Amino acid sequence: MTKQIPHWVDGAEFVGTSEQWADVTNPASGDVSGRVALASARDARYVIDSAAAASKAWAHTSLARRTQVIFAFRELLNGRKEELAEIITAEHGKVHSDALGEISRGQEVVEFACGISHLLKGGHSESASTGVDVHSKRDPLGVVAVISPFNFPAMVPMWFFPIALAAGNAVVLKPSEKDPSAAIWMARLWKEAGLPDGVFNVVQGDKVAVDALLQSDDIDAVSFVGSTPIAQYVYEEASKTGKRVQALGGAKNHMVVLPDADLDLAADAAVNAGFGSAGERCMAISVLVAVEPVADDLVARIAERTRTLRIGDGAKKTGAVEADMGPLVTKAHRDRVASFIDSGEQAGAKVIVDGRDVEAHGAAEGFWLGPTLFDHVTPEMEIYREEIFGPVLSVVRAGSYDEAVELINANEYGNGTAIFTNDGGAARRFEADVQVGMIGINVPIPVPVAYYSFGGWKRSLFGDTHAHGTEGVHFFTRGKVVTSRWINPAARPVGGLELGFPQND
């Protein structure tokens, strides 16, 4: 039977009242594996009300107790991450090792949140003025919404909700309707970890659910990851009602290879960063800028490695050789990415490896598209301008370091970039020159560890605050400063007035 994937409210499944459902498919077979509930505005309101009702008690729960719950979640996830990885592979299509890697990176944020007691410590100044003390503190916001994309159904929500919960907020998670089961699995794990009912909730759905979150007066903040047009929409709509917003958008990430670089290392990195997770990640390298005279040699090395990749069903199967790359998430997305390959070829780019000819190890009905390598791509081509979000790597040839940097800085996005070189001076200069939020030096995908913050510049971010790290803690809390004065009764003037004028002594 096709499973039903519901909402999660007050610590239990909730089917909702809309009677609207969407199919969930297994990308490796094309089979419909489930039906996910699509919330009505009324359903979304019910979920939000649950979170609002639970938020006040959770905000007043001790830091010690909150930390115990976060740590219990960490332990449960470590013991059962194989379960979650299988769910991710079945609905997203990424290979099992990629799914485990996604969980591990999300778990880093959970571990960071276990130190919330230290992260929320304020300052204290005794006798800032005569008899006056001042201290600062950080309070939770109330109810926060997390709207996450299909490409990382576990990791991206975990960029946000561990810190939000640890800081004392209630959470409403709206996962992608393409792969919604991971959210329900994590909700059950939070209940098992001891989180009070109503503090973590899941509302499934489409734009109706999203708009309900953006417009609700009971939602105090919104964290979003997705395409730039939707990120801008989320930012503008949520800001209208005074919400705090961090909306992380799209990318077109460049990797620069200088002539002195280790070309084998650079070729390995290009294949990994361009085709890992089928290119469906906002930090994928989609443009490789080869600074001459290395382009011919580098393209040949990348092509050689690309042709060895095994494309197939990413599910973990006993005795089977694991695929290096799985299918794309839906047939519509596969067809969209394939259309970009057609466009690049028609524009005059040279197809070195053609993913349209893939022979995948899986069902013929799977959403297969192999890794594609283009050479002689130019900035006016559609495959250079647009975020493809698939396994397509474009090589642009540059005559100099300065030309490579100009390409990066002229792009509307500023999410991530990388440089491969053995010249420390060039690397240091690159850090200062590029207008990008995250930079890798001989590291192709520079996603920061959890105690640093994740986020880009320009049209890759709407809002001022990046994800996790110190910025994440500040996003999910607001500061208070308390100035206090306690009068010593013995020091009060006899028969006089105590006006409390400032004293400088």
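Up top is the structure.
Quick summary incoming for the structure in this document.

Calculation criteria
Residues numbered from 1 in each chain as written. Predicted model: local features only at pLDDT ≥ 70, side-chain atom pairs only at ≥ 80, totals over all residues. Heavy atoms only, no water. Pairing = 2+ DSSP bridges. Helix = DSSP H or I, 4+ residues; strand = E, 2+ residues; numbered from the N terminus. Salt bridge = Lys/Arg side-chain N within 4 Å of Asp/Glu carboxyl O. Buried < 20%, exposed > 50% of the residue type's maximum accessible area, 1.4 Å probe, protein only. Expected span 1.5 Å × (residues − 1). Core = buried A, V, L, I, M, F, W, Y, C linked by side-chain atoms within 4.5 Å. Contact = heavy atoms within 4.5 Å. Lys, Arg positive; Asp, Glu negative; His and termini not counted. Axes fitted to C-alpha atoms, helices over the stretch in contact; angles between N-to-C directions. Parallel < 35°, antiparallel > 145°, perpendicular 65-115°, else oblique. Left-handed = near helix turned anticlockwise from the far one by under 90°. Phe/Tyr/Trp six-rings, centres within 6.5 Å; stacked < 30°, edge-to-face > 60°.

## Things to note about the pairing of strand β4 (residues 21-25)
Walk down a regular strand and you will see the side chains alternate between the two sheet faces. Sheet analysis places β4 next to strand β5 (residues 32-37), joined by 5 bridges and oriented antiparallel. Looking at β5, one finds that D23 is bridged to R35.

## A closer look at the pattern of salt bridges
All told, the structure shown has 32 salt bridges when counted by the stated rule. Of the charged contacts in the structure, one is a salt bridge between R45 and D218, with a shortest N-O distance of 2.6 Å. Taken together, the residues span a long stretch of sequence, with R45 in helix α1 (residues 41-59) and D218 in the loop between α7 (207-215) and β11 (221-225) at a distance of 173 residues. Overall, the relative accessible area of 31% leaves R45 in the partly exposed class. The residue R356 makes a salt bridge to D342 at a minimum N-O spacing of 2.5 Å.

## Here we look at helix α5 (residues 155-166)
An α-helical turn contains 3.6 residues, so any two residues separated by three or four positions project in the same direction. Over its 12 residues, α5 extends 17 Å from the first C-alpha to the last, a length consistent with the 16 Å expected when each residue adds 1.5 Å. Among the 12 residues of α5, 12 are classified as buried, and the element is accordingly described as predominantly covered. Listed in full, the buried residues belonging to α5 are M155, V156, P157, M158, W159, F160, F161, P162, I163, A164, L165 and A166. Directly beyond the C-terminal end of α5, a positive phi value near 105 degrees is found at G168.

## Digging into the nonpolar core
Grouped together as the largest cluster of nonpolar side chains are 129 residues, with contacts concentrated most on F200, M255 and L288. If you tally residues by element for this core, the top one is α5, at 10 residues. Excluding residues within four positions of it along the chain, F200 makes contact with W8, F161, L165, V171, L173, A183, A187, W190 and L195. Listed in part, the 28 residues of the second largest apolar core include A51, A52, V172 and V222.

## Description of the side chain of D43
Along the polypeptide, D43 turns up in helix α1. As a buried residue without a salt bridge, D43 has its nearest oppositely charged side chain in R42, at a separation of 5.8 Å. Setting aside chain neighbours within four positions, we find D43 in contact with H7, F14, G16, T17, S18 and L38.

## Quick notes on the packing of helix α2 (residues 63-92) against helix α6 (residues 181-193)
It is the contact of α2 with α6, at a shortest axis distance of 9 Å, that shows an interaxial angle of 160 degrees. Taken together, the axes of α2 and α6 are roughly antiparallel relative to one another. Seen from above, α2 lies across α6 with right-handed handedness. Contacts between α2 and α6 involve V69, I70, A72, F73, L76, L77, R80, E83, L84, I87, I88 and E91 on the former and, on the latter, S181, A182, W185, M186, L189, W190, E192 and A193.

## Re the packing of aromatic side chains
All chains considered together, the criterion is met by 12 aromatic pairs. An angle of 45 degrees between the planes, with centres 4.8 Å apart, marks the rings of F14 and Y46 as tilted. In this pair, F14 sits in strand β3 (residues 12-14) while Y46 sits in helix α1, placing the two residues 32 residues apart along the sequence. For F14, a relative accessible area of 18% puts it in the buried group.

## Considering the sheet that holds strand β20 (residues 438-441)
An order of β15-β16-β17-β14-β13-β19-β20 is seen for the 7 strands of this open sheet, with the pairing classed as mixed. Looking along the sheet, the strands with just one partner apiece sit at the ends: β15 (350-353) and β20. Neighbour-to-neighbour, the strand axes of this sheet turn through a mean angle of 20 degrees, independent of strand direction. Of the strand pairs in this sheet, strand β13 (residues 253-257) and strand β19 (residues 416-420) are connected by 4 bridges, and their pairing is parallel. Opposite H254, over in β19, you have T417 as the bridge partner. Seen against the sheet, helix α9 (residues 263-275) touches β13, β14 (285-291), β16 (372-375), β17 (392-398) and β19 and runs at an angle of roughly 170 degrees to β13. Contacts from helix α14 (residues 424-433) reach β13, β19 and β20, with the element oriented near 170 degrees to β20.

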